[in-house]
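What follows is the residue order along each chain.
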Amino acid sequence: MNHTLATPDTAAPAPTLAPREEETLRHIAAGRTYFQTARHMGLSTHTVDAYLRRIRAKLNISTTAELTRMAVSLGL
């Protein structure tokens, strides 16, 4: 289930998270560590970090707290 994110102040299309990015965000928003997320998803912690960097870039977000707030607002 891909979520398209609203960008109210721009005319550019809203970014869409890839399924694995969305899954990673869901784990982090649930309070799991990078290690726990990686283990659950069958990935390395480096891959989890890469997914989160891509999510932050897509959403123009810099902190985990902001990522968590976004995940909650999306119902993840």
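Quantities reported herein were computed from a predicted structural model and do not represent experimental measurements.

Can you help me understand the overall build of the protein in this one?
Helix and strand counts for the protein come out as four helices and zero strands. Overall, the protein shows an N-to-C arrangement of helices and strands of α-α-α-α. By residue count, 32% of the 76 residues in the protein fall in the buried class. Sequence separation of at least 24 residues holds for 37% of the intrachain contacts in the protein that already meet a minimum separation of 6. With an accessible surface of roughly 4700 Å², the protein has 56% of that area assigned to carbon and sulfur atoms.

What is the right way to look at the side chain of Thr 37 in this model?
On the secondary structure map, Thr 37 appears in helix H2 (residues 34-41). Given the relative accessible area of 0%, Thr 37 is considered buried. Non-local contacts of Thr 37, meaning those with residues more than four positions away in its chain, are made with Thr 24, His 27, Ile 28, Arg 32 and Val 48.

Definitions and limits used
Residues numbered from 1 in each chain as written. Predicted model: local features only at pLDDT ≥ 70, side-chain atom pairs only at ≥ 80, totals over all residues. Heavy atoms only, no water. Helix = DSSP H or I, 4+ residues; strand = E, 2+ residues; numbered from the N terminus. Buried < 20%, exposed > 50% of the residue type's maximum accessible area, 1.4 Å probe, protein only. Contact = heavy atoms within 4.5 Å. Areas by Shrake-Rupley, 256 points an atom, 1.4 Å probe, with all protein chains shown as cover.

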